[in-house]
Amino acid sequence: MQTIAERLNSARKGIDQAANSAHRPPNSVKLLAVSKTKPVSDIIEAYEAGQRMFGENYVQEGVEKVQELSNLDNIEWHMIGPIQSNKTKVVAEHFDWVQSVDREKIARRLNEQRPESLPPLNVCIQVNVDDEDRKSGVSLSELASLVEFVSSQERLCLRGLMAIPKANPDDEQQRQTLSKLKELFDHYHTSLSNFDTLSVGMSSDMVEAIHHGSTMVRVGTAIFGKRDYPNR
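Values in this document were obtained by computation on a predicted structure and should not be read as measured data. (Residues numbered from 1 in each chain as written. Predicted model: local features only at pLDDT ≥ 70, side-chain atom pairs only at ≥ 80, totals over all residues. Heavy atoms only, no water.)

Re the nonpolar core
With 61 residues, the main nonpolar core has Phe 54, Leu 110, Ile 125, Leu 143, Val 150 and Ile 223 as its most contacted residues. In terms of residue count, helix α1 (residues 4-21) provides more of this core than any other element does, six residues in total. Those residues in contact with Phe 54 that lie beyond four places of it in its chain are Leu 32, Ala 33, Ser 35, Ile 43, Ala 46, Tyr 47, Ile 75, Glu 76, Trp 77, His 78 and Phe 224. Within the second largest apolar cluster, five residues are counted, among which are Leu 32, Val 34, Ile 80 and Met 216. (Core = buried A, V, L, I, M, F, W, Y, C linked by side-chain atoms within 4.5 Å. Buried < 20%, exposed > 50% of the residue type's maximum accessible area, 1.4 Å probe, protein only. Helix = DSSP H or I, 4+ residues; strand = E, 2+ residues; numbered from the N terminus. Contact = heavy atoms within 4.5 Å.)

As for empty space enclosed by the protein
Under the criterion given, the structure shown has one cavity of 30 Å³ or more. Roughly 30 Å³ of volume is contained in the largest cavity. Lining the largest cavity we find Asp 130, Pro 165, Lys 166, Asn 168, Gln 173, Gln 174, Thr 177 and Leu 178. Among the residues forming the lining of the largest cavity, the class breakdown is two nonpolar, four polar and two charged. (1 Å grid on protein atoms, 1.4 Å probe; cavity = no way out; pocket = protein on both sides within 12 Å on 5 of 7 lines; lining within 4 Å. Points joined across faces, edges and corners; volume = space filled by probe spheres on them. Nonpolar A, V, L, I, M, F, W, Y, C, P; charged D, E, K, R; others polar.)

Things to note about the UniProt feature "modified residue: N6-(pyridoxal phosphate)lysine" (unreviewed entry) in the chain
The UniProt record annotates "modified residue: N6-(pyridoxal phosphate)lysine" (unreviewed entry) at Lys 36. With respect to the helices, strands and loops of the structure, Lys 36 is situated in the loop between β1 (30-34) and α2 (40-48). (UniProt positions renumbered as here; feature names shortened; annotations may be inferred.)

Digging into the packing of aromatic side chains
Counted under the stated rule, the structure contains three aromatic pairs. On the numbers, 5.8 Å between centres and 35° between planes, the contact of Phe 54 with Trp 77 is tilted. Remark: Trp 77 occurs in strand β3 (residues 76-79) and Phe 54 occurs in strand β2 (residues 53-56); sequence separation between them is 23 residues. Assigned by exposure class, Phe 54 and Trp 77 land together as buried. Note on Phe 185 and Phe 195: the rings are 5.8 Å apart at their centroids and 35° apart in plane angle, and the pair reads as tilted. Residue Phe 185 is found in helix α7 (residues 171-189), and its partner Phe 195 is found in the loop between α7 and β7 (197-199); the two are separated by ten residues along the sequence. Pair check on accessibility: Phe 185 and Phe 195 agree, each one buried. Taken together, the ring pairs in this structure connect Phe 185, Tyr 188 and Phe 195 into an aromatic cluster. Directly above the ring of Tyr 47 sits Arg 52, whose terminal nitrogen or CZ lies 3.7 Å from the centroid. (Phe/Tyr/Trp six-rings, centres within 6.5 Å; stacked < 30°, edge-to-face > 60°. Lys NZ or Arg CZ within 6 Å of the ring centre and 35° of its normal.)

Below, the structure is given as structure tokens:
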């Protein structure tokens, strides 16, 4: 059985190969290790293997990990799951990034509740690029308004877009979706100074996402192994 360090190395090699085939430098794509449901010991093992960016989906679990590992230098925590309005305060107080902002109410509360002692909270707007009924994310028709609002908040730093495209066996439709995301990203990247992140691509679609401009891929099972989901 491979160790976490070996799996991390394989993930990094896969990113480098995909970036190379897309004629992009390997350091243009960051690896976010998705550590949801995994124990602190696994995160420490990944950290000791050089990983610094970790993504959590569940607020309470994530906050507990942030607190327990607060002694680790340069570790960076990303909230990538949906956020209820009654959880914004603890997210604003503990995380470095929130990639799942999809409505003005959440952005406003995060801005108001971000402590002055911390730097502005890095934010990605989650886009429901395929307009799926049961998926989080702002619609394409409302994206511009949310971009404008988040950009105006003093305690937030708008860094880019996040999306979870639906699994699609049709390669051409998948490419069209990813191309649409790249167009949106390029549009705002040219006009907003800190807008530098397109967070799209997981283990199953990472290569295609990198070919379509992703700057951050989110990989979990391929690094930490199969997940056991507790009742929540």
